[in-house]
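Close look at the chain arrangement
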Amino acid sequence: MAATNLTTMVPKSPEPARFAIRKAVRADADAAWDIRRAAVMSECPSAYPLDQLEQWTGGTASRAFADAVEERFLVATVDEHVAGTGMIDLTTGKIDAIFVHPAYMKRGIGAAMMRHLETLARSQGLRELKLDSTLNAASFYRSLGFEGDEIAPYRSPRGLTMDCVPMTKRLSG
Ligand SMILES: CC(C)(COP(=O)(O)OP(=O)(O)OC[C@H]1O[C@@H](n2cnc3c(N)ncnc32)[C@H](O)[C@@H]1OP(=O)(O)O)[C@@H](O)C(=O)NCCC(=O)NCCS
């Protein structure tokens, strides 16, 4: 996947975030792991039992996670600090790992990461994006044009099953 730098001044409260999106490197793996856990523990307890969130995000970054970061992740950075993550499989259009650290939420970073992934997908001629949304984030994705209301069990790579909302977005034109 080509590394594309994008610097955006986001006109949002509470403070605009000046951030860049770049391809991740292996050294980002620990930050990506910590952001995933912090984001989930901040936003998901209203939708899932805490012990399930612990199983999902506990422990330390595995070699397999570091491999995935190095091979497939993009990161959003603010002043060189990793603030958010995202990834897309450009063969299938499957989006994953959309997490923003709580210190940087609600400043447009998540939406910008999604737009960036969509641009990559369009550049590859993909016709559809898909993802499995956490129950708490489905309205975030709906605001970006994704559709889907059904709750279905999602099986994580580590074997954890949790309720998610499968969602899709058609890419036209
Ligand atoms: C979901 C998440 C990625 C959003 O990131 P973010 O950077 O805070 O989102 P943005 O600031 O770009 O928000 C874009 C828009 O979505 C809205 N939004 C953000 N989170 C939302 C949520 N959980 N529910 C509804 N709307 C939401 C914002 O208000 C904003 O709307 P606006 O443009 O009208 O102001 C972030 O909250 C997160 O990491 N959540 C926890 C982990 C998680 O569940 N990830 C999804 C995995 S499938």
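Predicted, not measured: the structure shown is a model, and the values here were computed from it.

Let's talk about the overall build of the chain
The number of helices and strands found in the chain is five helices and eight strands. Across the 173 residues that make up the chain, the buried fraction comes to 31%. At a minimum sequence separation of 6, the contacts of the chain that also span at least 24 residues come to 63%.

What about the nonpolar core?
Residues Ala 32, Phe 73, Ala 76, Ile 109 and Met 113 are the most contacted members of the largest nonpolar core, which totals 38 residues. The dominant element in this core, judged by the number of residues it contributes, is helix H4 (residues 109–123), at six residues. Not counting residues up to four positions away in its chain, the partners in contact with Met 113 are Ile 21, Leu 74, Ala 76, Gly 84, Gly 86 and Ile 98.

Looking at the site of the ligand
Around the ligand sit 21 residues, and of these Ala 39, Glu 43, Met 105, Gly 110 and Ala 111 come closest. Breaking the shell around the ligand down by element, the ones donating at least two residues are helix H1 (29–43), strand S5 (94–100), H4 and helix H5 (138–142). When the residues that make up the shell around the ligand are grouped by side-chain class, the tally is 11 nonpolar, seven polar and three charged.

What about the confidence of the model for the chain?
With 90% of its residues at a pLDDT of 70 or more, the chain has an overall mean of 91. Contacts for the low-pLDDT stretch residues 1–13, under 50 throughout, to residues beyond four places or in other chains number 24 contacts.

Observations regarding the pairing of strand S8 (residues 161–170)
Looking at chain direction, strand S6 (residues 128–133) and S8 are connected through six bridges and run antiparallel. Bridge pairing in S8 places Ser 133 opposite Val 165. Across four bridges, strand S7 (residues 152–155) lies against S8 in antiparallel orientation. If you follow Arg 155 over to S8, its bridge partner there is Thr 161. Here S7 folds back onto S8, and the loop between the two strands holds five residues, one of which, Gly 159, carries a positive phi near 90°.

Calculation notes
- Residues numbered from 1 in each chain as written.
- Predicted model: local features only at pLDDT ≥ 70, side-chain atom pairs only at ≥ 80, totals over all residues.
- Helix = DSSP H or I, 4+ residues; strand = E, 2+ residues; numbered from the N terminus.
- Buried ≥ 20, exposed ≤ 12 C-beta atoms within 10 Å, placed from the backbone.
- Contact = placed C-beta atoms within 7 Å.
- Core = buried A, V, L, I, M, F, W, Y, C linked by C-beta atoms within 7 Å.
- Near = placed C-beta within 6 Å.
- Nonpolar A, V, L, I, M, F, W, Y, C, P; charged D, E, K, R; others polar.
- pLDDT = per-residue confidence, 0-100.
- Pairing = 2+ DSSP bridges.

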